[in-house]
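Coordinates in review
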Amino acid sequence: MIVLCWNCRGLAILGHYKPDILFLMETKALSSRMEFFHNFLHFDDCFSVNRQGLGGGISLIWKSHVSVSVVDFSSNFIDLVVSEGNVQWRFTSYYGFPESQRRRQSSNLIRENIDICITCPFAKRVWLASSIGWLFPQSASFLAWLCSVLQLVRKEDQAMVVMICWALWQARNDVVWSSKWSSPAAVVYRARTILYDWCNARHVDDSSSNAVPAPPPLHFWVPPLQGFLKANVDAAVFPDGFIGVGGVLRSYDGSFVGACQHRLLGYFSPKTAELITIREVLSWIKRLGYDQIVLESDALTVVKALLSSSTSDFSSFGSLVDDCKSLIAEMNSVSVSFVPRSANSVAHLIARAASTISDRIEWLSTPPQLIVHALMLDFQI
């Protein structure tokens, strides 16, 4: 297949190239005029964007053996999917502003198209299915957005942000080149797998003082033994003076049992917020009548405090530890374990989303939409 992009001047050269698809710029014509013109050039079909004033205008014309589906267009570009037999691919024909003073505006148009990979509804579902959540500060370009997000997330989550961007780009290519669609959970799983392989590849013996420390391998959610329920808990601290409480309860087969979400006013340190969350989630589980629980948190300091036998801490932190230990003692069997964030992503999503509620919410049997894909991902793994 031959594709040619050409200014309308010098069209006599078409006889030499004999293109199957022709993108014309500066047609200075209305679409009705281009309907006549494509027949004159012995092409079979046409899609045109009208000129603006006396200038501009773009047109795409093609032969009958090529199947074309227009996805989007403006006065500067025509975006389409091209099919030829069993082969399908994406073609975006672009014409910037001819005025030198508007060249930056032309490049901004390209950046806006790139940002579609981040802000489109599918990409949003992917981010919500991940442990990162939906973080989209206003940015002028993809690079500015990425820099802003890397500053917002925890250091251990930065690599995952990059891997999700890469996995989204791969998913886009799968659709364009192979007509293969992926679910949001599958895209997140691909990102986790890439990151897992990358982390493990860096775990090599290297005694050099200049060696870059390798990040730990990823860990995934593991269901509890039959007869027990697993409670994943997490807290989110917001600078506006409140915290988000998140707890998710699942059974041995990975099925959803319940979830709770609170928004509590106050300025708390992360470890204090995590203890408050554990106390709230344990109280909620007790009210539901469950008493054989495996509780997991990604706050190592808090887990160590709950497992410690020390009773000499009379601070507010120590008082919260005692409250949690009392609740644990009132239940039949409760074990407390530390897990990395990658194995606690569902609770993290619940806690982060508490910024949008005024008090508390709980779900039983049917999970909230915001964690459905994350639950599916944990179940698939």
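You'll find the structure just up there.
Below, the structure is looked at part by part.

Thresholds applied
Residues numbered from 1 in each chain as written. Predicted model: local features only at pLDDT ≥ 70, side-chain atom pairs only at ≥ 80, totals over all residues. Heavy atoms only, no water. Pairing = 2+ DSSP bridges. Helix = DSSP H or I, 4+ residues; strand = E, 2+ residues; numbered from the N terminus. Axes fitted to C-alpha atoms, helices over the stretch in contact; angles between N-to-C directions. Contact = heavy atoms within 4.5 Å.

1. Remarks on the sheet that holds strand β11 (residues 292-297)
- Read across the open sheet, the 6 strands follow the order β12-β11-β8-β9-β10-β13; overall the sheet is mixed. The open sheet has two edge strands, β12 (333-338) and β13 (360-364), and neither has a second partner. Neighbouring strand axes in the sheet, compared pairwise and without regard to direction, differ in orientation by 15° on average.
- Of the pairings in the sheet, the one linking strand β8 (residues 229-238) to β11 comprises 5 bridges and is parallel in character. When the sheet's bridge partners are listed, asparagine 232 is paired in β11 with glutamate 296.
- Its contacts with the sheet place helix α8 (residues 270-288) against β8, β9 (242-250), β10 (256-265), β11, β12 and β13, and it is angled at close to 140° to β8.

2. What about the sheet that holds strand β1 (residues 3-7)?
- Spatially, 4 strands are ordered β1-β2-β4-β3 in an open sheet, and the strand pairing comes out mixed. Of all the strands in the sheet, just β1 and β3 (45-49) have a single pairing partner and so form its edges. Shown here is a sheet whose adjacent strand axes are inclined to one another by a mean of 15°, direction ignored.
- Inspection of the sheet shows strand β2 (residues 21-25) paired to strand β4 (residues 58-62) by 5 bridges, in the antiparallel sense. Paired with phenylalanine 23 across the strands is leucine 60, a residue of β4.
- Sheet strands in contact with helix α2 (residues 31-40) are β2, β3 and β4, and its direction is about 150° off that of β3.

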